[in-house]
Amino acid sequence: MPLMTDAFALWLQAGAVDKAGHGYLYLVLGISLLSLAVAFLFARYVLRQDTGSPEMQRISDAIRQGAEAFLNRQYRTIVALAICLAIVIYAGYLLGKNDATLAVRMTISFVMGAICSLAAGFCGMWVSIRANIRTASAARTDLSRALQIALRGGAVTGLGVVALSLLGVGGLFWLFDGLNNAKVIPFQIVAFGFGASFVALFAQLGGGIYTKAADVGADLVGKVEAGIPEDDPRNPAVIADLVGDNVGDCAGRGADLFESTAAEN
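Parameters at a glance
- Residues numbered from 1 in each chain as written.
- Predicted model: local features only at pLDDT ≥ 70, side-chain atom pairs only at ≥ 80, totals over all residues.
- Heavy atoms only, no water.
- Helix = DSSP H or I, 4+ residues; strand = E, 2+ residues; numbered from the N terminus.
- Buried < 20%, exposed > 50% of the residue type's maximum accessible area, 1.4 Å probe, protein only.
- Contact = heavy atoms within 4.5 Å.
- Expected span 1.5 Å × (residues − 1).
- Axes fitted to C-alpha atoms, helices over the stretch in contact; angles between N-to-C directions.
- Parallel < 35°, antiparallel > 145°, perpendicular 65-115°, else oblique.
- Left-handed = near helix turned anticlockwise from the far one by under 90°.
- Nonpolar A, V, L, I, M, F, W, Y, C, P; charged D, E, K, R; others polar.
- Salt bridge = Lys/Arg side-chain N within 4 Å of Asp/Glu carboxyl O.
- Phe/Tyr/Trp six-rings, centres within 6.5 Å; stacked < 30°, edge-to-face > 60°.
- Lys NZ or Arg CZ within 6 Å of the ring centre and 35° of its normal.
- Core = buried A, V, L, I, M, F, W, Y, C linked by side-chain atoms within 4.5 Å.
- Patch = residues over 30% accessible without salt bridge, like charges linked within 9 Å, V, L, I, M, F, W, Y side chains within 5 Å.
- Areas by Shrake-Rupley, 256 points an atom, 1.4 Å probe, with all protein chains shown as cover.

S.K.: Just give me the short version of the overall build of the chain, but keep the residues and values in it.
M.R.: Helix and strand content of the chain: 8 helices and 0 strands. The linear arrangement of helices and strands in the chain, starting from the amino end, is α-α-α-α-α-α-α-α. When the backbone C-alpha atoms are referred to their principal axes, the chain occupies close to 70 × 45 × 30 Å. With 265 residues in all, the chain has 39% of them scored as buried. Put simply, 80% of the contacts in the chain that link residues at least 6 apart link residues at least 24 apart.

S.K.: An account of helix H7 (residues 191-226) is needed here, citing residue identities and associated values.
M.R.: Structurally, the α-helix is built with 3.6 residues per turn, so residues lying three or four positions apart point the same way. The end-to-end C-alpha distance of H7, which contains 36 residues, comes to 50 Å, matching closely the 52 Å that a straight helix rising 1.5 Å per residue would cover. Taken from the residues just after H7, glycine 227 is the one with a positive phi, measuring 70°.

S.K.: Pulling in residues and values, what's your account of the packing of helix H3 (residues 54-97) against helix H8 (residues 237-264)?
M.R.: The geometry of H3 relative to H8 is characterised by a closest axis approach of 9 Å and an angle of 50° between their N-to-C directions. The orientation of H3 with respect to H8, classified from their angle, is oblique. Seen along the crossing, H3 lies across H8 with a hand that is right-handed. Every residue of H8 that contacts H3 at Ile59, Ala62, Ile63, Gly66, Ala67, Phe70 and Leu71 is listed here: Ile239, Leu242, Val243, Asn246, Val247 and Ala251. For the contact of H3 with H8, a count of residues per class yields 11 nonpolar, 2 polar and no charged.

S.K.: Help me get a handle on the side chain of serine 35, residues and values and all.
M.R.: Take serine 35: it is sitting in helix H2 (residues 16-47). Setting aside chain neighbours within four positions, we find serine 35 in contact with Leu159 and Ala163.

S.K.: Can you lay out the pattern of salt bridges for me, pointing to particular residues and giving the numbers?
M.R.: Any two side chains of opposite charge can pair, so long as their charged atoms come close to each other. Tallying each qualifying case throughout the model produces 5 salt bridges. Taking the shortest distance from any N to any O, the salt bridge between aspartate 50 and arginine 140 comes out at 3.6 Å. Here arginine 140 lies in the loop between helix H4 (100-139) and helix H5 (143-175) and aspartate 50 lies in the loop between H2 and H3, a separation of 90 residues in the sequence. Accessibility expressed as a relative area gives 44% for aspartate 50, which makes it partly exposed. Among the residues examined, arginine 140 registers a relative accessible area of 52% and is labelled exposed. Arginine 64 is the salt-bridge partner of aspartate 61, the closest N and O atoms lying 3.8 Å from each other.

S.K.: So, the packing of aromatic side chains: which residues are in play, and what are the values?
M.R.: Scanning all chains against the criterion turns up 5 aromatic pairs. Seen from their ring centres, phenylalanine 70 and tyrosine 210 are 4.8 Å apart, and the 35° between their planes marks the pair as tilted. With phenylalanine 70 in helix H3 and tyrosine 210 in helix H7, this pair connects stretches of sequence that are 140 residues apart. Linked through ring pairs, Phe110, Phe194, Phe198 and Phe202 together constitute an aromatic cluster. We note arginine 152 situated over the ring of tyrosine 45; from NZ or CZ to the ring centre the distance is 4.4 Å.

S.K.: Help me get a handle on the packing of H4 against H7, residues and values and all.
M.R.: Packed helices, taken two at a time, are described by their axes: the angle between them and the distance between them. Their axes nearest at 6 Å, the elements H4 and H7 cross at an angle of 40°. Classified by the angle their axes make, H4 and H7 are oblique. Remark: the crossing between H4 and H7 carries right-handed chirality. Of H7, the residues touching H4 (which contributes Met106, Ser109, Phe110, Met112, Gly113, Ala114, Cys116, Ser117 and Leu118) are Ala191, Phe192, Phe194, Gly195, Ala196, Phe198, Val199 and Ala200.

S.K.: Describe the nonpolar core, with residues and values.
M.R.: Counting 17 residues, the largest nonpolar core has Phe173, Ile189, Phe192 and Phe258 as the members making the most contacts within it. Sorting the residues of this core by element identifies H2, H4, H5, H7 and H8 as the ones contributing at least two each. Examining the composition of this core, we find that 5 residues originate from one element, H5, more than from any other. If sequence neighbours within four positions are ignored, phenylalanine 192 has contacts with Ser109, Phe110, Met112, Gly113, Cys116, Leu164, Ser165, Gly168, Val169, Leu172, Phe258 and Ala262. Membership of the second largest hydrophobic core comes to 13 residues, among which are Ala114, Leu118, Ile129 and Ala251.

S.K.: Just give me the short version of a nonpolar patch on the surface, but keep the residues and values in it.
M.R.: A surface patch of nonpolar side chains, about 800 Å² in accessible area, is lined by Tyr26, Tyr90, Val104, Ile108, Val111, Met112, Ile115, Trp174 and Leu175. Elements with a minimum of two residues in the nonpolar patch: H4 and H5. Secondary-structure assignment places tyrosine 90 in helix H3.

S.K.: Account for H5, naming residues and giving values.
M.R.: Taking 1.5 Å as the rise per residue, H5 with 33 residues should run 48 Å; its terminal C-alpha atoms sit 47 Å apart, in good agreement. Positioned one or two residues after H5, aspartate 177 has a phi angle of 60°, which is positive.

As structure tokens, this is what we get:
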């Protein structure tokens, strides 16, 4: 590792960034866009699958409507809070550092991180609530195809999280002319990770609390009071429980994974 570090330092001093930096940056951005394209193809594959019987669709539609309603309400609150914090960040850097350029770039980085984190969470849940019924329908006849649908549905989130993280960091680095200011720009785009963390905090807390409350409530009413099996559709609370699985374990987890990846990048 020390040899690699020394070699990298010599590479920087030799001006190799000027020669190869554009190529590497465009390669990263190109791979990110390609990953999003593959995720789109996976999503199309999932959406083309059979949606099962009318009874299955009735349950699935109720879960989908509940998940979308919860996420829309939650995202409106997160966006309002993010706008307020973006104003505070801009004013803080402008008044504290007396540097308008730094204030603008830190604010843009924060907003971009928040937007990408919201997109990662929404993308994961949007696919999951549509992949669920298609996986269940396929499992009635072919377990292998059901597994393939589930894995490709999950791959949409996996590819989207990593691609949006690379695209956000790389795009800001390019936008702020990082190739010519490689020692300065990373400190101006660090707010990208902060924006992602800000959204992930509320997405995980809101979705997680709702998920656990709905889960415990459904179990108490169904298994303890009514004496019916877990996740029985005769228990209306089961719909809220399964909505929570989507908004907490898919949307919240997608934003959380994006935050971790963005911070590491």
